[in-house]
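Now for the letters of each chain:
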Number of protein chains: 8
Amino acid sequence: MSAAGTPVAIIMGSQSDWATMRHAAETLDALDVAYDSRIVSAHRTPDRLVAFAKGARDAGFKVVIAGAGGAAHLPGMAAAMTPLPVFGVPVESKALSGQDSLLSIVQMPAGIPVGTLAIGRAGAVNAALMAAAVLALNDAALADRLDAWRRKQTEAVAERPVDDSQPASESKHP
Amino acid sequence: MSAAGTPVAIIMGSQSDWATMRHAAETLDALDVAYDSRIVSAHRTPDRLVAFAKGARDAGFKVVIAGAGGAAHLPGMAAAMTPLPVFGVPVESKALSGQDSLLSIVQMPAGIPVGTLAIGRAGAVNAALMAAAVLALNDAALADRLDAWRRKQTEAVAERPVDDSQPASESKHP
Amino acid sequence: MSAAGTPVAIIMGSQSDWATMRHAAETLDALDVAYDSRIVSAHRTPDRLVAFAKGARDAGFKVVIAGAGGAAHLPGMAAAMTPLPVFGVPVESKALSGQDSLLSIVQMPAGIPVGTLAIGRAGAVNAALMAAAVLALNDAALADRLDAWRRKQTEAVAERPVDDSQPASESKHP
Amino acid sequence: MSAAGTPVAIIMGSQSDWATMRHAAETLDALDVAYDSRIVSAHRTPDRLVAFAKGARDAGFKVVIAGAGGAAHLPGMAAAMTPLPVFGVPVESKALSGQDSLLSIVQMPAGIPVGTLAIGRAGAVNAALMAAAVLALNDAALADRLDAWRRKQTEAVAERPVDDSQPASESKHP
Amino acid sequence: MSAAGTPVAIIMGSQSDWATMRHAAETLDALDVAYDSRIVSAHRTPDRLVAFAKGARDAGFKVVIAGAGGAAHLPGMAAAMTPLPVFGVPVESKALSGQDSLLSIVQMPAGIPVGTLAIGRAGAVNAALMAAAVLALNDAALADRLDAWRRKQTEAVAERPVDDSQPASESKHP
Amino acid sequence: MSAAGTPVAIIMGSQSDWATMRHAAETLDALDVAYDSRIVSAHRTPDRLVAFAKGARDAGFKVVIAGAGGAAHLPGMAAAMTPLPVFGVPVESKALSGQDSLLSIVQMPAGIPVGTLAIGRAGAVNAALMAAAVLALNDAALADRLDAWRRKQTEAVAERPVDDSQPASESKHP
Amino acid sequence: MSAAGTPVAIIMGSQSDWATMRHAAETLDALDVAYDSRIVSAHRTPDRLVAFAKGARDAGFKVVIAGAGGAAHLPGMAAAMTPLPVFGVPVESKALSGQDSLLSIVQMPAGIPVGTLAIGRAGAVNAALMAAAVLALNDAALADRLDAWRRKQTEAVAERPVDDSQPASESKHP
Amino acid sequence: MSAAGTPVAIIMGSQSDWATMRHAAETLDALDVAYDSRIVSAHRTPDRLVAFAKGARDAGFKVVIAGAGGAAHLPGMAAAMTPLPVFGVPVESKALSGQDSLLSIVQMPAGIPVGTLAIGRAGAVNAALMAAAVLALNDAALADRLDAWRRKQTEAVAERPVDDSQPASESKHP
């Protein structure tokens, strides 16, 4: 399933979710954390979901990032079948702007947790940062890289707003 | 799994959903439609869910009624693993009054349908009526019973509202 | 009203709903299920609604798919006047993005059910799949076609997301 | 249907709506406007609805007040079948507190209007006041009574709030 | 203020509301009902509001149509100062799509009614139709014109949806 | 209207709002800031509103606190007629829990501001604190009292939660 | 930190908020009130937030205007660390259109107030007007300028709506 | 601050949040994970928040669980000042049932993540399970205990619903 040593799995319900979830991938790249990205549809490929989730720990993953939109069952169902921490990213849906995605992911019943991030790109970036923070608990080098990333982010915040239409870099990754 | 000839399966995510889902059972009783009620938690018993959903058609069921609350994944996940029609009942949740349940059930992506009913008791009654309407397409006797039930319901509507605090029977099953 | 042997009626509140409801028609085409599409406005043509709904069973229809937006009364009123199963599609409305359509369709009182699907295109596709699943209960050939459709859908899900801007086909009908 | 000279019809979807709609009746009583109250369920008694709405003008009614909850189709369907002004009262529903009732009534498409009042008791009182204001356009005596009612209402507003637990009368009808 | 014989006043909170409210004006034109359109801002021109509302009946108006967006106080404040029927049109707002406008208009306390229509263009058209229905109670010629308008609207509904991108006329005024 | 030297006016739409607004009064008492409480209904006593708002500055008031529920027009209409700072308190409404009150107060158009506080008791307390903060800008003694109040509030926060059912005082005013 | 005599601080969470908050700055310019604009991110620059908020009074500021979007913690956290009046502007967010921003700012617990304005541009303009109203309590010249600004705003409201696509100036600052 | 070896900090905004957050504590007790519970109010004790969050890693904590209600800034502000993983629990608020708490916690901007759980008790239980899952990545004995807990939870789900009013134990912790 996964080469040993790949700590993060990024799964998503469909190809169309990649536009959001690639921000998780890019953030992990920036932090030099290995990951494996794949499409796992809870509804269209339930067998793949079962196989992935039940095998995730043995495959060597430490953290699962799962993104989905609408009636978003992927994060919660993955969490039901793996003891690994699962972080959920509500993808912005067309009609309801991700309100359905958010509630479908965050309102899990007591017993099976999903750590839910913000709707859309911000949530994808933050799911990666959360995964890194978890891994950094036992990886001093990663902890240093994460500290550096956060420091750089802080330093990138300009003192004053500027009028020109090409804004400064502070809304980007440092 | 199910005695041959039991056409309807009623599944629910937990014992606490029975307070709602029993109204589906009672309505099927009134229509003399056999059913089997069981607890299948998508999150706490995912294996049971897979076994139930994959085996539902072979077990002789024709229709599945699934009730759940909060991040309600049971109806959609059952629908992902059976070709039978699945009707979903959003159980009223504590904090969000079933708005989370409703969106988690109804906003399924194209490809895997769940016919969703109203939040709470009304939805449970109506899931049973919907199941009966489906079965009645090929069961003339049931069609007659359903017609009679609806006629009785119509006749039970009083012409005028009454003041006394013990309202007439029209809000009950006929 | 309808040639004998046309099992599905697709009704909608106005011409503008066709942009959504055509996805139901196309899905039925893919499954080789005959249907009849017509405009029936609950508010502007109430007599047409009464005539259609009261006559639907005798006209040979087995299932009604009804789409409408805003204060969407068509599905529920059709269900009030026919014993056939009615599936409702909330059309996305301008100001409230279909939240009004959804609640107007799904929150039916106990006694008259409407099996409600998702807002917009996904709901239209799924109403067709739901109709097919109901008909397949007594049509083995259709059951086979539906199984094949679902299998093809599963197979069309790529293993991994791709970056290029022309996404793979998994978000299309198989 | 109605004795000649009864200008207002109060219709409601079920006996349970009377707890709300009686406030419309009481307000009309206070203004000495005659009315006829009846239960007309759009879903359980569609024929009664058609008969009522199509016959309302000939029966001598001038204004229709319609209250319903949940997927509240009664006001809009009545408006589809009568040229009389229809005022809608969204009855507070259990799970969604009348948000479903409100949207189902107010979001009518262009062509068929329903003048919608507030959710619950306030809406019922105000539907009566609106009916009276309409009738008062051609009934000078009623206009005087309505002016007096409003004046009394204004005079009943105390200058200062009081602490005791039995509040002054300003929240009651004058 | 108004020439005698102008029965309808259309007021709105700002010039920007005219894009919505002109649909009320056009509908009244189609029904040959005279009206007077003016900008009355509850917040920026409170004196104008007081003068207008207190003088509306004496100026000969019979019905007031008031449109506003956001914290939309114009309809309710006009209703507080005139005994005439006031119909409110929630203008679609930028951030909240008119949900703020709708609640600000419809949720009036018991005592001062505003008959509220749908958000946006549909609501403006329907406010005009509602005004016409009220006036038609005592104007047989207008009642005939309104009946004809509704009949034409019904006849304009096509039997079947069409695919071409220039839809038939049924979504326009007849 | 007001004795010279009373800097704060507390107005509310009805006696029933006093259960909420008394918390503003009690907080001003704790800070030794004088105030005048009165009922001013935008809808039932519009003349009183005009007189109050237009005269508020000349009456010596510096700050207006206005509480109302539902279609809550009082704060915004007061702000339209006085140059004084107006702070609005959305009173919790029955059906919509103050969501209508909040939007009716906060979504004011550009040009007429209302500084809006939280729904209910918290908002009433905070409106008083906001008024005090404004007055303290030019009243060193009040600034000291406000600093002391805040310090006491900070000190009242216990280090650790306790189990017993009579919670410590930190949720009360210090 | 700030030159003595600059009474208003405008802070915002990121450069991207400037598109909204510049309307506060422009309104203060129009009223000839000095201000200092800076980026203070509660989340990315918490130390800057602490330093700013704790030092704001000593730096000579009288009023703080704080704008932020999404989980908008800046206004409330600034208010927690300064006794100055803080006015919050909910910036319109992408997925939820500022509903998250609004609730994150306005629903402060009893004890720490934030006077909240409307979502987006209107809120930014009004935060400036609110700041000016507060400062005008002790600055007669500013009070005159604010009165003049409001008078000009009133005078700029046209009597009647116009059809041409270049609307009159009343939606601009006077 | 904390005895070395206490891996989890549970912080909450006020004593009243303990009714919710104690479920996190009890769940950690069941898993034999040490924790330290304390009240840290972002708004009333900002210095305590800064001290806690900045010192959390050095104090030996591995994971922070933060619960708050309303404009819930505690989880996000803690996350801004510690590199440790922070899990947020939206406490159910009075007027808005925790919708404000949820959005204030989950909608964090890119750069500072909070893993958000469900509103109320379920979220508190799940925050503890999430913390345990994170710690279990490097604690085989805890991993075993967590596996056992989950197995017990699965086994506790009854096969069939029961009618009696004392439901079986499956909604409790195993």
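Numbers given for residues are sequential positions, taken from 1 along each chain in its written order. Chain A is the first chain written and ligand 1 is the first ligand written, with later ones labelled in order. Only residues with pLDDT of at least 70 get local features here, since the model is predicted, and only at 80 or more are side-chain atom pairs given and counted; chain-wide, interface and lining totals rely on the full set of residues. With hydrogens and water set aside, each side-chain value is computed from the structure's full complement of heavy atoms.

Brief notes about the overall build of chain A
Right, on to step 1. Strands here mean DSSP runs of E at least two residues long; helices mean DSSP runs of H or I at least four residues long; both are numbered from the N terminus. Looking only at helices and strands, one finds six helices and five strands in chain A.
Right, on to step 2. When its helices and strands are written in sequence order, chain A yields β-α-β-α-β-α-β-α-β-α-α.
Right, on to step 3. Its C-alpha atoms give chain A principal-axis dimensions of roughly 50 × 40 × 30 Å.
Right, on to step 4. Should any heavy atoms of two residues lie within 4.5 Å, those residues are considered in contact. Put simply, 68% of the contacts in chain A that link residues at least 6 apart link residues at least 24 apart.
Right, on to step 5. Surface exposure here means Shrake-Rupley accessible area, sampled with a 1.4 Å probe, where a residue is shielded only by the protein chains that are shown. Total accessible area on chain A is roughly 5,500 Å²; 49% of this is exposed by carbon and sulfur atoms.

Some points on the packing of aromatic side chains
Residues and elements named next belong to chain F.
Right, on to step 1. The rule is short: rings of Phe, Tyr and Trp, with Trp giving its six-membered ring, pair when the centres are within 6.5 Å, and they are stacked under 30 degrees, edge-to-face over 60, tilted in between. Enumeration over the complete set of coordinates arrives at twelve aromatic pairs over all chains.
Right, on to step 2. Plain terms: the ring middles of F52 and F61 are 6.1 Å apart, the flat faces sit at 50 degrees to each other, and that makes the pair tilted. In this pair, the class of F52 matches that of F61, namely buried. Here's how the labels work: a residue is buried when its accessible area is under 20% of the maximum for its type, exposed when over 50%, partly exposed in between, all with a 1.4 Å probe on protein chains only.

Considering the pattern of salt bridges
Pairing between side chains of opposite charge can happen when the charged atoms of each approach one another.
Right, on to step 1. Here, a salt bridge means any side-chain nitrogen of Lys or Arg that lies within 4 Å of a carboxyl oxygen of Asp or Glu. A complete count under the given rule lists 64 salt bridges over all chains for this structure.
Right, on to step 2. Between R57(F) and D147(G) there is a salt bridge; the shortest N-O distance is 3.0 Å. In this pair, R57(F) sits in the loop between α2 (46–55) and β3 (63–69) while D147(G) sits in helix α6 (residues 140–155), so the two residues belong to two different chains.
Right, on to step 3. Between K94(H) and E92(F) there is a salt bridge, and its shortest N-O distance comes to 2.7 Å. Of the two residues, K94(H) is situated in the loop between β4 (86–91) and α4 (99–106) and E92(F) in the loop between β4 (86–91) and α4 (99–106); the pairing between them involves two chains.
Right, on to step 4. Residue K94(H) is classed as exposed on the basis of its relative accessible area of 71%.

Some thoughts on the UniProt feature "binding site: substrate" (unreviewed entry) in chain A
Residue and element names in this part refer to chain A.
Right, on to step 1. UniProt positions are given in the numbering used here, feature names are shortened, and annotations may be inferred rather than shown by experiment. The UniProt record annotates "binding site: substrate" (unreviewed entry) at S14, D17 and R44. Over a stretch of 31 residues, the named residues converge on one spot in the fold, their C-alpha atoms separated by at most 14.5 Å.
Right, on to step 2. Looking at the element boundaries, S14 is found in the loop between β1 (8–12) and α1 (18–30).
Right, on to step 3. Residue S14 is classed as buried on the basis of its relative accessible area of 12%.
Right, on to step 4. Among residues more than four places away in sequence, those in contact with S14 are I39 and R44.
Right, on to step 5. The topology assignment puts R44 in the loop between β2 (35–39) and α2 (46–55).
Right, on to step 6. You can call R44 buried: its relative accessible area is 9%.
Right, on to step 7. Here a polar contact is recorded for every N or O atom pair within 3.5 Å, except that within protein the pair must consist of a potential hydrogen donor and a potential acceptor, and residues adjacent in sequence are included only if both atoms are side-chain atoms. Here G13 takes part through its backbone oxygen, which lies 3.1 Å from a polar atom of the side chain of R44.

Some remarks on the interface of chain F and chain E
Right, on to step 1. The partner chain E presents 23 residues to the 23 residues of chain F that form the contact.
Right, on to step 2. In short, buried area is how much 1.4 Å probe accessible area vanishes from two parts on joining, totalled over both. The contact between chain F and chain E buries some 2,000 Å² in all, and 68% of this surface belongs to carbon and sulfur atoms.
Right, on to step 3. Between the two partners, chain F and chain E, sit two salt bridges.
Right, on to step 4. The salt bridge involving D47(E) is made with K54(F); its shortest N-O contact spans 2.4 Å.
Right, on to step 5. Going through the elements one at a time, α2, α3 (74–80) and α4 of chain F are the ones with two or more residues in the side of chain F that touches chain E.
Right, on to step 6. Element by element, the count of residues in the side of chain F that touches chain E is highest for α2(F), at five residues.

Digging into the side chain of T116(A)
Right, on to step 1. The topology assignment puts T116(A) in strand β5 (residues 115–116).
Right, on to step 2. Overall, the relative accessible area of 0% leaves T116(A) in the buried class.

Comments concerning the relation of the copies chain C and chain B
Right, on to step 1. With an RMSD of 0.0 Å, chain C superimposes on chain B once it is rotated by 180 degrees and translated 0.0 Å along the axis. Both copies of the chain, as the preceding transformation shows, are related through a two-fold rotation axis.
Right, on to step 2. Interface residue correspondence from chain C to chain B reaches 100%, placing this contact among same-surface, isologous pairings. The superposition of copies rests on a least-squares fit of C-alpha positions from residues with pLDDT of 70 or more in both.

Considering the UniProt feature "domain: PurE" (unreviewed entry) in chain A
Right, on to step 1. The residues that UniProt annotates with the feature "domain: PurE" (unreviewed entry) are residues 6–157 of chain A.
Right, on to step 2. The span residues 6–157 of chain A shows a helical share of 46% and a strand share of 16%, and its end C-alpha atoms are spaced 32 Å apart.

Quick notes on the packing of helix α1 (residues 18–30) of chain B against helix α5 (residues 121–136) of chain B
All names here are of chain B.
Right, on to step 1. Between the N-to-C directions of two axes lies an angle of 0 to 180 degrees, each axis being a line fitted to C-alpha atoms and, for a helix, fitted only over the stretch in contact. Two numbers describe how α1 lies on α5: the axes approach to 7 Å, and their chain directions differ by 35 degrees. In this structure, α1 meets α5 at a crossing whose hand is right-handed. Each of T20, M21, H23, A24, T27 and L28 in α1 lies in contact with α5, whose residues at this interface are R121, A124, V125, A128 and L129.
Right, on to step 2. Residues are grouped as follows: Ala, Val, Leu, Ile, Met, Phe, Trp, Tyr, Cys and Pro are nonpolar; Asp, Glu, Lys and Arg are charged; all remaining types, including Gly, are polar. For the contact of α1 with α5, the per-class residue count stands at seven nonpolar, three polar and one charged. Two helices cross in a left-handed way if the nearer one is turned anticlockwise from the farther one by less than a right angle. They cross in a right-handed way if the turn is clockwise.

Concerning the pairing of strand β2 (residues 35–39) of chain D
For a regular strand, the rule is simple: side chains alternate between the two faces of the sheet.
Residue and element names in this part refer to chain D.
Right, on to step 1. Within β2, four of the five residues are buried, which leaves it mostly tucked inside the rest of the structure.
Right, on to step 2. Paired strands, in this sense, are two strands between which DSSP finds at least two bridges. For strand β1 (residues 8–12) and β2, the ladder comprises five bridges, and the chain directions are parallel. Within β2, the position partnered with I10 by the bridge is S37.
Right, on to step 3. By definition, the crossover connecting two strands over a helix is right-handed if that path, from the first strand to the second, turns clockwise as seen with the strands pointing away from the viewer. A crossover links β1 with its parallel partner β2, the connecting element being helix α1 (residues 18–30), and its sense is right-handed.

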